Every structure is written in C-alpha cells, then in structure tokens.
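# Structural overview for review
Here's the letter readout for the chains.
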Amino acid sequence: MITGLMFRDGIISAANNISNSRQAVDALNIFPVPDGDTGTNMSMTITAAKKEVSNLPDDCSLSEVTKRSASALLRGARGNSGVILSLIFRGFSKAFNNIDEADGKDVAKAFRMATEAAYKAVMKPTEGTILTVIRKSAEAAEKMAEINNEPIEVCFAALQAAREALAKTPEQLPVLKKAGVVDAGGQGLVLIFEGFNSVFGHDAIVQPLEGSSVEPVSAPDKQIVAEASGDIEFGYCSEFLIEKAKDAEQTDPLKLRAYLESIGDCVVVVDDDNIIKVHVHSNCPGTVIQSALKYGQLINIKIDNMRYQHRNAEVGVKEGEKPVEPTVTEPENKYGFVAVCAGEGLEELFRDLGADVIVSGGQTMNPSTDDILNAIMQTPAKTVFVLPNNKNIIMAAEQTIPLVNDREVRVLQTKTIPQGISAMLSFDDGEDADTNQMTMMEMAEAVETGQVTFAARDSDIDGTPIKKGEVMGLCNGKIVFTGKDREEIAFKTVNKLFKKSQHSLVTIIYGQDVQEESANDLEERLKKKYKNDMEISVVNGGQPIYYYIISVE
C-alpha cells in the first residue's frame, strides 16, 4: 500500500531529483531565447510542496499529504510547465481524498484524474509534450492495475510508460527531432516520477546536490513599516492557513470573513478545496485564532505586533531585519491593475499608466501563482485586471481566479510588454469591465512586438544555425535576424515590422545593457529613413535580457 509517509518522502525525493537536474532540463529548451526555463520552473514549483510537507509526521494520512502538496504546488506554480505540474498533483489529491492508504486501483485512478486535470488546463493540447507523458503513464497504470493490484507495480508501470513516451516525443514533434532532444516538460515529469520511485521501490530519498537550489523571484512590492504614518488602529497582524476539517463546526469562509471584518481591518479570506488563507489586522489575535479553529486546524501561523514594529522602524530599519509582509487592502476602487515586468524604467512606466502593484518577473524568472495572488490582494479594487506580459506567465496568473472571493480577477492574455502597455493605454474608466477587457485585448493584439536579445544556447531555427551569444531580432516571437551588432539587428527588426500604410508610432525601450547614446543613435537612423512617416519615442526600460523591446502601432 502507498502510505502518507511514502508520498511525503516521495515529494521530497522528487523535488530533490529534478532540482539536481534542472539545468539539464533547461538546456532541452529548443528555442534559444533566454526564458523562464522548464527545469527551473518545475523545480521551484514542486519545491514549494517539499517545504509544505517536510514537517508532516510519519503517521500522516495519504489524503492529508496529497492535499497539502497539491495546495502548495498550486500556490507555488511558475510558468506553464509548473501550472500543469500543479494540476497533475491536484488530480492525485482528488483521487486520494479521504484515503489513508492506496492500492493499485486507487493509484491508477489517481493517474487518470491527473491526466484529465492536465488536459483540461490547455485549450489546444499538443502531443509530444508533458501531456503525452502523463497520459501514457495513466494508460499503463490502469492496464497494470487490472493485472496486478500491487500499488508499487502500478507506479513502476506508470514510470516505465512515462520514460517510453518521453523517448518518443521527438517523433511527435518534428522541431524536437530536428534539435535532437526530448520534450523538456516531459523530462521534468519523468525526473519527478523517478524521485518517487526511489522511495516507493528502494525506500531511499534522492539527496540534493550542493548548489542545485534556485532562489525564487522577489515578491511584489513590500512596504516597510517605517513608511507608515499616523496611529495604528489595529495593532496585531495575524496570518495563517486553515486546513479544512471534514467535521468542522463552521464551513462557510464568508462567515469567517464577516466576523473578522467586525473586529479588524485589512481582512482577506481566500479558500480553495483544502485550505483557507487568512490575513487580518486586529487588537485581539487570540479571538481571531479561536474563530478560525472552528473551520479546521491552523498551520503557518504568524502574528506580528505592528505597533512595536512601527516604534522600531521610526529609528530606522536595520540591515538584515525583515520588512513586514505586503499589505492586504480592501477592494474600495472600481478598477485596479497588476502588471508583471522587470526593470526600473518599465516598472515606473506601468505605474504611470495606472498599475497599482508591480510583480517583479518576466522572461528568465516567472513569478508564481502566489506572487500574483499577493499582488491582487494588495490592489484596492473590486475588479482587478492582471497583465502577465509574457506567454509563460498567463497560466499561473489564471490560477489565481478561483482563489479570490472578495474581488473579481480578470487576466488579460498579454504576451509581451508592448501588448501590456497598449492595453493599459486603451482602458476607459467610464466603461464596464466586459467592454474594457474586450477593448484592451483588441488593442493589445493590434500591436507589433519586436525584441532584440541574445541566444542562450546553440540552436537551429528553420535550417539557420544560431550560435550561443549571437544577437537575435524577433518579430512577434519569431526569430528573423541574427548577427553581432545589436543596433543593426534592432534597425532591421523595426524595418520588418513597420508598414507606412498601417503604422505611425514606434516605441523603443532599451535595456540595462544598452547605453542611452546607442538608443539615440538608433532613433536618429530611423528618423533619417522614415522622416515624418514615423513618430518615435525612446524609453529607458532598464529591463534585463532584452537589449531592445520595440512596439510598432
């Protein structure tokens, strides 16, 4: 039988195993643009579950450990691969609900539910990816369970099928075959299954290698108490998670929220299937705890004396001292915005356009679902528009929607920084949310995006070899130019995108590795060619990775 102890140790082993090999998985990404790589995203996602379950007792039930891990994976999901991974484990959790130990048929059911959850998350599933790997695992698990109900055998059959499916991914996706690699997401999932197998089959947890860990992206703007002014009405900040109990005295989170609002402020009560996340400022933390215990047991409890912190902060926050957690604000305004970007200039630009909270992140480090959720809860609005501004962040952002119950969340599928900027420029406070969402996305999709960056690895795109370190010009995500001169590549990229009959405005956003003089030289060269046909704006975005981000509209 698969026990809670085995699954707990399996999570730890799996997290260690993929972390040990995350750079190798990152290297499987065939597109040479530096991005939020698959191995890193999947490693950070499952490491969130490892941290959550590591302290569970040896007698924990399978139901408990799978619920805890699924909830942690959801909150910690990064990138599309991380979101799909979290949904796979959510399927496991639902299958093992109220089960202390699992037999072979239980395990086969779990693989089937994991597969269904993963496929539902993708609008147009592509075979030859992580989806194929989990589906083949489920098919093998179900077949084995009919023959042998021993759960270890079922798990091993699923692992073997995953390995075989992974090996065949190049035959399903020609771009993989051409590059001579297997699918990165599928490889990550196999490594995770192998970590579990080390525990299930050999009773051994894979140990982490030195230097294999990776730090998460910095959290959204944290306000230091020293910046606060005036008297603090409610002195204690209480934060914790409630693990819902089946036989709980209370089950409706809205009643808990209503009560907390009656005794404090800055209340947030967010729930999913298994947990309730609570934040409140009050003068009676003991009463807060007692009211919460009616819903289940409490974990990750943190209570801060804000008056005491404020007195210390008035003297100055010393180096090494931890600032308070982000403030949760009441949804008072009609509309609010959360934008994802990296670079001081871009952050300032989005704030000038009306963004309430900036989530630090982007191409090389995708923020987690929890990072975006925290930003949403800091936004004082009844309707919060989220602009991911990167195609690999959209799914993580969308996972926040069912986690918020005191404000409406609308995720705009902005895939680039120019799309995000254009969307915000088209917002009309006088229109309703539906009209704004439609208009903002129409304007975002009308923008042409150019990007100038470097090749993160050797590659071959459409028969053209690309060497690591070469400068690349991308037009709407497609590599069009390569070379050594970044300003020349930027000039060619603008020329490719700009059509006199369709466009008039070009915005050049230069990054942290580009001098202002170089950007101005590029501007002068474009003015000389296009004269009055092109209006040009030059912005210091300060963004990493991209030498230039170019908007043409």
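Residues numbered from 1 in each chain as written. Predicted model: local features only at pLDDT ≥ 70, side-chain atom pairs only at ≥ 80, totals over all residues. Heavy atoms only, no water.

### Structural notes on helix α17 (residues 417-425)
For α17, the tally of buried residues reaches eight of nine residues, placing the bulk of the element in the interior. Listed as buried for α17 are Ile417, Pro418, Gln419, Gly420, Ile421, Ser422, Ala423 and Met424. The N-cap residue of α17 is Thr416: its side-chain oxygen and the backbone nitrogen of Gln419 are 3.2 Å apart. (Buried < 20%, exposed > 50% of the residue type's maximum accessible area, 1.4 Å probe, protein only. Helix = DSSP H or I, 4+ residues; strand = E, 2+ residues; numbered from the N terminus. Polar contact = N/O pair within 3.5 Å; in protein donor to acceptor, adjacent residues only side chain to side chain.)

### Looking at the nonpolar core
Of all hydrophobic cores here, the largest spans 68 residues; its most connected members are Phe7, Ile46, Ile88, Phe89, Phe92, Phe111 and Ile192. The element contributing the most residues to this core is helix α10 (residues 184-202), with nine residues. The contacts of Phe111, once residues within four sequence positions are left out, are Phe92, Ile134, Ser137, Ala138, Ala141, Ala158 and Phe193. (Core = buried A, V, L, I, M, F, W, Y, C linked by side-chain atoms within 4.5 Å. Contact = heavy atoms within 4.5 Å.)

### Details of the side chain of Asp183
Considering the arrangement of structural elements, one finds Asp183 in the loop between α9 (174-179) and α10. Within the buried set, Asp183 has no salt-bridge partner at all; the shortest N-O distance to an opposite charge, 12 Å, is to Arg135. In terms of polar contacts, Asp183 uses its side chain to reach the backbone amide nitrogen of Ile130, at 3.2 Å. Here the side chain of Asp183 touches Gly185 through a polar contact of 3.2 Å, landing on its backbone nitrogen. Among all residues touching Asp183, those that are not within four sequence positions of it are Leu28, Gly128, Thr129, Ile130, Leu166, Thr169 and Leu176. (Lys, Arg positive; Asp, Glu negative; His and termini not counted. Salt bridge = Lys/Arg side-chain N within 4 Å of Asp/Glu carboxyl O.)

### What about the pattern of salt bridges?
Counting across every chain of the model gives 24 salt bridges. The salt bridge partner of Asp9 is Arg8, with a shortest N-O separation of 3.0 Å. Assigned by exposure class, Asp9 and Arg8 land together as buried. When salt bridges that share partners are traced, they join Glu52, Glu64, Arg68, Arg75 and Glu243 into one network.

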